[in-house]
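A closer look at the structure
Now for the letters of each chain:
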Amino acid sequence: MDTIDHRIISQLREHARMPYADIGTQVGLSASAVKRRVDRLVEEGTIRSFTLDVDPAVDGLGVEAFVELHCRGTVAPQELKHILAKVPEVVQAGTVSGDADAVVHLRASDIHTLEEALEKVRLAPNVEFTKSSIVLSQLINRR
């Protein structure tokens, strides 16, 4: 990847549907040259997808929480993935360094549904305890 590729990606991050001609104007290339570069970046796996980011509240998922997951003993990441994949309210999860074994991001329609999802996570084999934080307001989202 060169500087122009980075600038193209920056433009697409701002607006994934930006016309190639507009991107070309910003980076000093023709629309067809931008398209060829974007196609190459997709083929190489640098650009993995073009997505639609919709406010979760539109889908009735206005309650969100971050949960630290603490396990008994050593639990393989694949095992955690298997456990968490069964809970539809889990929108993102990752293993982490520090005291917790993983951090889980949940979205639910209401507190009751969130509580039920948390209970499913808590009752999973090898889970010793969880520490939850409910999001009150989102300050920055750079996805």
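Scope of this entry: the structure provided in the associated data block. (Residues numbered from 1 in each chain as written. Predicted model: local features only at pLDDT ≥ 70, side-chain atom pairs only at ≥ 80, totals over all residues. Heavy atoms only, no water.)

Before going further, it helps to examine helix 5 (residues 111-122). Taking 1.5 Å per residue as the helical rise, helix 5 with its twelve residues ought to reach 16 Å, and the 16 Å between its terminal C-alpha atoms agrees with that figure. Where helix 5 is buried, its residues touch strand 1 (63-71), helix 4 (77-85), strand 3 (102-108) and strand 4 (127-134). (Helix = DSSP H or I, 4+ residues; strand = E, 2+ residues; numbered from the N terminus. Expected span 1.5 Å × (residues − 1). Contact = heavy atoms within 4.5 Å.)

In terms of nonpolar packing, the biggest core is built from 21 residues, with L69, L80, L84, V90, V104, L106 and L114 touching the most fellow members. Where this core is concerned, the elements lending two or more residues are strand 1, helix 4, strand 3 and helix 5. The element that contributes the greatest number of residues to this core is strand 1, accounting for five residues. Not counting residues up to four positions away in its chain, the partners in contact with L84 are L69, V90, A93, V104 and V121. (Core = buried A, V, L, I, M, F, W, Y, C linked by side-chain atoms within 4.5 Å. Buried < 20%, exposed > 50% of the residue type's maximum accessible area, 1.4 Å probe, protein only.)

What follows concerns the sheet that holds strand 1. Think of a sheet as strands paired side by side through backbone hydrogen bonds, with each pair either parallel or antiparallel. Ordered by their spatial adjacency, four strands build an open sheet running 2-3-1-4, and the pairing between neighbours is antiparallel. Among the strands making up the open sheet, the edge pair consists of strand 2 (90-95) and strand 4. Averaged over all pairs of adjacent strands, the angle between their axes in this sheet comes to 20 degrees, without regard to strand direction. Strand direction decides the pairing type here: strand 2 and strand 3, joined by five bridges, are antiparallel. (Pairing = 2+ DSSP bridges. Axes fitted to C-alpha atoms, helices over the stretch in contact; angles between N-to-C directions.)

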